[in-house]
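The chain contents come next:
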Amino acid sequence: MYQALYRKYRPKTLDDIKGQETIVTIIKNSIKKHQINHAYLFAGPRGTGKTSIAKIFAKIVNCENLKDYTPCNKCTSCTEKNNNDIIEIDAASNNGVDEIRELRNKVNLVPSYGKYKVYIIDEVHMLTVGAFNALLKTLEEPPAHVIFILATTDPQKIPETILSRCQRFDFKKISNESIVENLKKIAENEQIDIEDEALYEIARLSDGGMRDSVGLLDQAKAYSETKITVNDIHDINGTITTKDLKELLENMNENNLEKILEKTDKYNEKGKNFTKLTEELINFMRNIILYKKVPEYFRNKHKNIELYKEISQKVDIKDLFYYIETLNKYSLEMKNTSNTKLMFELMLIQMLPDDEEPQLNAEKPDIIVKELEKPLDKEQKKENELEKEQIQTQQTEEKTTINNEKKEKELNHIKKIRIDNTLSKFNKVILKEIIKKLEKLNEFLLNPDYSHAASILLDGSLKAASEDSLIFVYKNPRIATLFNENLLKIEETIEEALDKKYRLIATDIDEWEIIKDEFNNKKRKFIYQEEDFDIEKILKIEKDEIATMFEDIIEYN
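This one's a predicted model, so the numbers in the text were calculated from it and none came from an experiment. Here, residues in each chain are numbered from 1, in the same order as that chain's written sequence. Under the rules for a predicted model, residues below a pLDDT of 70 receive no local features and side-chain atom pairs below 80 are neither given nor counted, while totals for whole chains, interfaces and linings still include all residues. Where side-chain values are given, they derive from all heavy atoms of the structure, hydrogens and water being excluded.

*Asks:* Even after reading the chapter, I still don't get the overall build of the protein, so can you show me in this structure?
*Replies:* In this text, helices come from DSSP runs of H or I with a minimum length of four residues, and strands from runs of E with a minimum of two, each type numbered from the N-terminal end. A count of helical and extended segments in the protein gives 27 helices and eight strands. Across the 557 residues of the protein, 44% fall into the buried class. Whether two residues are in contact is decided by their heavy atoms, any of which lying within 4.5 Å being enough. Excluding contacts between residues fewer than 6 apart, the proportion of contacts in the protein whose partners are at least 24 apart in sequence is 76%. Areas reported here follow the Shrake-Rupley algorithm with a probe of radius 1.4 Å; residue values treat only the protein chains shown as occluding. Accessible area for the protein stands at about 31500 Å²; split by element, carbon and sulfur atoms hold 46% of it. Only protein chains enter the accessibility calculation, which uses a 1.4 Å probe; a residue is then buried when its area is under 20% of its type maximum, exposed when over 50%, and partly exposed in between.

Structural data, given as structure tokens:
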């Protein structure tokens, strides 16, 4: 059976550990001086050597022929495969008080082979409060032959009473240089043909985790039939190259929405991970800021200097900070939605500048114009430009705020009337029939004229229906709003699928729970009233234009 590379090349001695020199030195010296503690806490990011050092340490303290800190690998304790003196516990699945009580009952048993019984409790922060309390009693007065090694990626969740009874080691992220050095040795031993640039990209994407880097190398080995390139690494990881990131940022800076959406479609076809792409964009923009602010520091830390030099001349730092703020906000939402492509598109669209240039409303008197036409010194020019920019910014913000508030108010009016009208004539039989018919929307997913609208309809839940009205509900409020802003195309798609015209509306799950409670418990009356609005006029766009915009922007995974 094939053995995964991260298992095959797991460190076997303290000298094999990479990137944790300080911790290794302390452990070596404590072993030489016979200063063994009864409890240790290994805290740090995943894949940085916590469990590996714990297993090596357990082997060392029980070796019968130890040489300084190197086990002999010949004695019974070293060679026994099922060593009962080393007990590994996964706290993620064994986190209850009963499991820890069972452990307490066994700690008094003497070791089978060596001097110590070593308990390695991984992800210890997952223990319940009761389990921690049970463990505390053992840590307070442990038998002389017992050593506890607690490993965690989240030490702040561990009670202070536990922390104070352990010798703590904080593992750091492993440097890219150490990771690349280790990967080169593995590639040489395994006869893996890989570009140096690909090795550095693996190290960067692994974010300081040695195990993750070796796992990624293993995937690349299986993926590529020839020499592994940096593009192969990004294909496997669901990310894009620095060059691609640069081109995407240039399209954003040029306000080229068409190119941006074409790239997004391309990323989706190639199975890219949009959550990771967002994180990569944040990191890329952060690097540009560093290049602008501290170029010498940046040159010592990064490659592709020419690429960063070129893009840094095209984008302003203020824009970069705005982009990063928006990206960070959307990245949190992406982790809570299955429609990451949609979120990615909306995020990029939001970051684009408005097409319309703000205009000053008031005309200046001739005398002021003449005064402004006089030659200005540099300070005067700078002050005038700053004042003009402030006025334009204020006017743009006021205009945008007024338009958004007006549109939101009108959409809320539409929503209230359509929800009331649907529920005033609610019919459970019709609801069940239409839910079954909605399966026909799957046939529209391959139709370029309706695929996007069909996707968004299928992603929602039909919660109420009358003879001519439907209410859809979405977990994400942003999707519900998007639905309502594009009602014409949505309604056209429903009519095409069900051979009948319906009036539609969407709301989010939180608002729906309130409405449902009002309806079921008769807290208010839902009264039918004729619609007194023009949707096309409210959305300020013709039907054909809505269809085009909607198809260009919205697509679901």
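*Asks:* What am I meant to see in the sheet that holds strand β1 (residues 39-43) here?
*Replies:* Note on sheets: strands pair through backbone hydrogen bonds, and any given pair is parallel or antiparallel. Ordered by their spatial adjacency, five strands build an open sheet running β2-β3-β4-β1-β5, and the pairing between neighbours is parallel. Both outer strands of the open sheet, β2 (86-90) and β5 (167-170), are each paired with one neighbouring strand and no more. On average, adjacent strands in this sheet sit at an angle of 15° to one another, irrespective of strand direction. Pairing between strands requires that DSSP locate at least two bridges from one strand to the other. The sheet contact formed by β1 and strand β4 (residues 146-152) spans five bridges and is parallel. The residue of β4 that forms the bridge with Phe42 is Ala151. A fitted line through C-alpha atoms represents every axis, and for helices the fit uses only the stretch in contact; the resulting angles, taken between N-to-C directions, go from 0 to 180 degrees. On the sheet, helix α2 (residues 21-32) packs against β1 and β5 and is oriented at approximately 150° with respect to β5. Of the strands in this sheet, β1, β3 (117-122) and β4 are in contact with helix α6 (residues 129-140), which crosses β4 at around 140°.

*Asks:* Mind showing me how you'd approach the nonpolar core here?
*Replies:* Note that soluble globular proteins tend to have their nonpolar side chains buried in a common cluster. Among the nonpolar cores identified, the biggest contains 79 residues, and Met252 and Phe472 are the most heavily contacted of them. The element best represented in this core is helix α14 (residues 274-293), accounting for nine residues. Not counting chain neighbours up to four residues away, the residues in contact with Met252 comprise Ile260, Met285, Tyr323, Leu348, Met351, Leu352 and Pro353. Here, nonpolar core refers to any group of buried Ala, Val, Leu, Ile, Met, Phe, Trp, Tyr and Cys residues whose side-chain atoms link them within 4.5 Å. Counting residues in hydrophobic clusters, the runner-up holds 24 residues, among them Tyr119, Leu135, Ile162 and Cys166.

*Asks:* I tried to follow the pairing of β1 on my own but got confused; where do I start?
*Replies:* The side chains of a regular strand alternate between the sheet's two faces. Most of β1 sits inside the fold, with five of its five residues counted as buried. One ladder, built from four bridges, connects β1 with β5; its direction is parallel. Bridge assignment links Phe42 to a residue of β5, and that residue is Phe169.

*Asks:* Is there a simple way to think about unusual backbone geometry in this case?
*Replies:* Trans peptide bonds make up the majority, and among non-glycine residues the majority have a negative phi. Even without a glycine there, the phi angle at His34 is positive, about 60°. What makes His34 exposed here is its relative accessible area of 70%. Not every positive phi belongs to a glycine, and Glu123 is a case in point at roughly 50°. Within the element layout of this structure, Glu123 appears in the loop between β3 and α6.

*Asks:* Just to check I follow, could you spell out the side chain of His234 for this structure?
*Replies:* On the secondary structure map, His234 appears in helix α11 (residues 230-237). Among the residues examined, His234 registers a relative accessible area of 2% and is labelled buried. Within 3.5 Å is the distance limit for a polar contact, defined as a pair of N or O atoms, with the added protein rule that one can donate a hydrogen and the other accept it, and that residues adjacent in sequence qualify only through two side-chain atoms. One polar contact links His234 to Thr239, side chain to side chain, over a distance of 2.8 Å. A polar atom in the side chain of His234 sits 3.2 Å from the backbone oxygen of Ile240. Setting aside residues up to four positions removed in sequence, His234 forms contacts with Glu201, Arg204, Leu205, Thr239, Ile240, Thr241 and Lys272.

*Asks:* Just checking my understanding: could you explain a nonpolar patch on the surface for this structure?
*Replies:* Here, patches come from residues exposed beyond 30% relative accessible area and free of salt bridges, joined within 9 Å for like charges and within 5 Å for nonpolar side chains (Val, Leu, Ile, Met, Phe, Trp, Tyr). Throughout this description, the term salt bridge denotes a Lys or Arg side-chain nitrogen within 4 Å of a carboxyl oxygen of Asp or Glu. On the surface, Leu445, Leu446 and Leu458 cluster together into a nonpolar patch covering about 300 Å² of accessible area. Position of Leu445 relative to the elements: it lies in the loop between α21 (428-437) and α22 (451-459). By relative accessible area, which is 34% here, Leu445 ends up partly exposed.

*Asks:* Teacher, can you tell me more about the packing of aromatic side chains here?
*Replies:* Centre distance and the angle of the planes are the two values used to describe a pair of aromatic rings. Only Phe, Tyr and Trp rings are paired, with Trp represented by its six-membered ring, and only when their centres lie within 6.5 Å; those with planes under 30 degrees apart are stacked, over 60 edge-to-face, the remainder tilted. According to the stated counting rule, one finds 16 aromatic pairs in the structure shown. Residues Tyr291 and Phe298 carry aromatic rings whose centres are separated by 5.8 Å and whose planes lie at 85° to one another, so their mutual orientation is edge-to-face. We classify Tyr291 as buried; its relative accessible area is 9%. Positioned above the aromatic ring of Tyr528, the side-chain terminus of Lys425 is 4.2 Å from the ring centre. Just above the ring of Phe526 sits the side chain of Arg524; from NZ or CZ to the centre is 4.0 Å. The criterion is that NZ of a Lys, or CZ of an Arg, lies within 6 Å of the ring centre and within 35 degrees of the ring normal, and then a charge sits over that ring.

*Asks:* Where do I start with the confidence of the model for the protein in this structure?
*Replies:* Interpretation of the predicted coordinates at a detailed level should be avoided for regions scoring low in pLDDT. Here the protein shows a mean pLDDT of 84. Residues at 70 or above account for 87%. pLDDT: the predictor's confidence for each residue, scored from 0 to 100. Scored below 50 in pLDDT, residues 356-374 shows 10 contacts in the model against residues more than four places distant or in partner chains. Residue range residues 541-557 is modelled with pLDDT below 50. Its contacts to residues more than four positions away, or to other chains, number 51 contacts.

*Asks:* Looking at this structure, how should I read the sheet that holds strand β7 (residues 469-474)?
*Replies:* Within the open sheet, the three strands sit side by side as β6-β7-β8. Their pairing is mixed. Lying at the two open borders of the sheet, with one neighbouring strand each, are β6 (461-465) and β8 (503-508). Mean inter-strand twist for the sheet, computed between neighbouring axes without regard to direction, equals 30°. Pairing between β7 and β8: six bridges, direction parallel. Of the residues in β8, the one forming a bridge with Ser469 is Arg503.

*Asks:* Would you mind showing me how to read α14 here?
*Replies:* Structurally, the α-helix is built with 3.6 residues per turn, so residues lying three or four positions apart point the same way. Helix length check: α14, at 20 residues, gives a terminal C-alpha distance of 29 Å against a target of 28 Å (1.5 Å per residue), a fit within 8%. In this structure Asn273 caps α14, since a side-chain oxygen of it lies 3.0 Å from the backbone nitrogen of Thr275. By definition here, a helix of n residues has an expected span of 1.5 Å times n minus one.

*Asks:* Explanation requested: the packing of α2 against helix α3 (residues 50-62) in the structure shown.
*Replies:* For any two helices packed against each other, the geometry is given by the interaxial angle and the distance between the axes. The N-to-C vectors of α2 and α3 enclose an angle of 10°; their axes lie 12 Å apart at closest approach. Overall, the two elements α2 and α3 adopt an arrangement that is roughly parallel. Contacts from Ile23, Val24, Ile27 and Ile31 in α2 reach Ile53, Phe57 and Ile60 in α3. Polarity classes work like this: nonpolar for Ala, Val, Leu, Ile, Met, Phe, Trp, Tyr, Cys and Pro, charged for Asp, Glu, Lys and Arg, and polar for all others, with Gly in that last group. Classifying every residue of the contact of α2 with α3 gives seven nonpolar, no polar and no charged. Angles are sorted into four bins: roughly parallel if under 35 degrees, roughly antiparallel if over 145, roughly perpendicular if 65 to 115, and oblique for all others.

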